[in-house]
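# Topology and contacts: notes
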Amino acid sequence: MNKLSRRTFNSKLTKGVGGAVIAASLPVHCIAANPTQKKKLGIALVGLGGYSTYQLAPALQDTEHCYLAGIVTGTPAKEGAWANNYGIPKTHIYNYRNFDSIADNKDIDIVYVVLPNSMHAEFSIRAAKAGKHVICEKPMAMNVEECDAIINACKEAGVRLGMGYRLHSEPYTNEVKRFVREKTFGNINYITADAAYRSMGSPNQWRLDRELSGGGALVNMGVYAIQSLIYGTGENPISVSAQEFSTRPNYFKDTDETITAQFEFASGAVGNMMTSHNVRANRLFASCERGWYELDPASTYIPLAGRTSNGELNFEQESQQKLQMDDFAQHILYGTPNKAPGDMGKRDMMIVEAIYKSIAQGGKKMPLSFSPSFGFGG
Ligand code: NAD
């Protein structure tokens, strides 16, 4: 074993090297997490819209621990092109009606739900019931109740659940998390995060339809700003107060346009966030006892950039989606930490609900409480 790299070793696993020898060589947690001893896990993408087409499927051509094994689509016209582009056999193509028969497909280990937000809970739960591990896109669901239903379904089925929070696998984000962990700049006094873009597309798109989206900017880009305030301080907030602004009410008829919110943290740090479908901004800035750090952009999937009071940050960039899906596959295969577990998605939805509640009550401060380390991931 010592002359074999992990990659070579793992490839021998699938070529039928004796099971008893392998079991003796693998750490105990690997055997438990990877009972099938597969080298690469098969992922099925559910929903073949923009994110699956332009980010996830291309990233799955470069992943080391998982690959694109199947698709689930409600649009038959997409099937042929995806089958041709990615060599997906007919037996691995499903629609929303026959999706549950994916349970019988041994090549598909993980179902990745990339549908409009109102469909996340239904398909995550159906995937869990089919015995598949689940990656659920953000926001996790329409409300906290649905988040609980997804988490419980995965627990009952004994499958793993991860959020599509790609930034936890990304180097600039992880450098900020290191500053926080090691107190590189001392205690954090103030943190601010903006995550916003200017929506000019069709007013009929699902993101502007509350029935399908569950909300506006807050549940879309706002989730990144919430995440930034939390990983940028290493704390869950103890309260939130929020305000809403509407400047294009004829376009944003059904969903929130711009929201600001202030977070309090138990350490005394103060947080401020802005999210919008009408403003261009993408930034994280933290002011600390002994300096500061900043990411700008902080949550796009074009390369991030950052600097601190000590100088520029400079990391090599790889596809964030590739890193994220490989991290989740390794969590299943080798028992490595789940970097974005379901609890994290639920926590963010609890904060989203508190923000909407605060706005409805004229900006009233809403207390929040989370059990220790709730939703921090690996
Ligand atoms: P999209 O509009 O491009 O695609 C949506 C897909 O869902 C399409 O294939 C569409 O045919 C299908 N669909 C099924 N029922 C539908 C309905 N009733 N109305 C509209 N479409 C329907 O959206 P997208 O950008 O691919 O986003 C999908 C999910 O991925 C969302 O939850 C979004 O928040 C998330 N997302 C995450 C990231 C990220 O960086 N993590 C980036 C983009 C999108």
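The structure under discussion appears in the preceding block.
Throughout what follows, the structure given in this document is the object of discussion. (Residues numbered from 1 in each chain as written. Predicted model: local features only at pLDDT ≥ 70, side-chain atom pairs only at ≥ 80, totals over all residues. Heavy atoms only, no water.)

### Brief notes about the layout of surface pockets
The space that makes up the largest pocket amounts to roughly 840 Å³. Taken together, 38 residues line the largest pocket, and the ones lying closest to its centre are Gly50, Tyr51, Trp206, Arg207 and Tyr301. Elements supplying a minimum of two residues to the lining of the largest pocket: helix H4 (50-59), strand S7 (188-198) and helix H10 (217-220). Top contributing element to the lining of the largest pocket by residue count: H4, with three residues. For the lining of the largest pocket, the per-class residue count stands at 15 nonpolar, 18 polar and five charged. Split by domain, the lining of the largest pocket shows at least three residues from each of two domains, domain 1 (6-166) and domain 2 (167-316 + 342-367). (1 Å grid on protein atoms, 1.4 Å probe; cavity = no way out; pocket = protein on both sides within 12 Å on 5 of 7 lines; lining within 4 Å. Points joined across faces, edges and corners; volume = space filled by probe spheres on them. Helix = DSSP H or I, 4+ residues; strand = E, 2+ residues; numbered from the N terminus. Nonpolar A, V, L, I, M, F, W, Y, C, P; charged D, E, K, R; others polar. Domains from an automatic or database assignment.)

### Some thoughts on the packing of aromatic side chains
The description of an aromatic ring pair rests on the distance of the ring centres and on the angle between the ring planes. For the coordinates displayed, the defined rule picks out eleven aromatic pairs. Ring centres of Phe179 and Phe185 lie 5.1 Å apart, and the angle between their planes is 85°; on these two criteria the pair is classed as edge-to-face. Of the two residues, Phe179 and Phe185, neither departs from the other in class, the shared state being buried. Residues Phe179 and Tyr293 carry aromatic rings whose centres are separated by 5.3 Å and whose planes lie at 45° to one another, so their mutual orientation is tilted. Placement of Phe179 in helix H8 (residues 171-182) and of Tyr293 in strand S12 (residues 291-295) is noted, with a sequence separation of 114 residues between them. One exposure class covers both Phe179 and Tyr293, and it is buried. Members of the aromatic cluster, joined through ring pairs, are Tyr96, Phe99 and Phe123. Cation over ring: Arg210 sits above Tyr356, and NZ or CZ is 5.9 Å from the ring centre. One residue, Arg248, lies across the ring of Tyr251, its end atom 4.4 Å from the ring centre. (Phe/Tyr/Trp six-rings, centres within 6.5 Å; stacked < 30°, edge-to-face > 60°. Buried < 20%, exposed > 50% of the residue type's maximum accessible area, 1.4 Å probe, protein only. Lys NZ or Arg CZ within 6 Å of the ring centre and 35° of its normal.)

### Description of empty space enclosed by the protein
It is a probe the size of a water molecule, rolled over the atoms, that shows where empty space is left. Summed over all chains, the structure comprises three cavities of 30 Å³ or more. Roughly 100 Å³ of internal volume is contained in the largest cavity. Taken together, 14 residues form the lining of the largest cavity, with Met163, Gln324, Phe328, Lys339 and Ala340 sitting closest to its centre. At the level of elements, strand S6 (161-163) and helix H12 (320-334) are the ones that each hand at least two residues to the lining of the largest cavity. No other element matches the four residues that H12 contributes to the lining of the largest cavity. Here the residues of the lining of the largest cavity are counted per class, giving six nonpolar, six polar and two charged. Approximately 40 Å³ is the volume attributed to the second largest cavity. If you go around the second largest cavity, the residues you meet are Tyr165, Leu167, His168, Tyr224, Gln227 and Tyr231.

Scope: geometric values only; no functional claims are made or implied.
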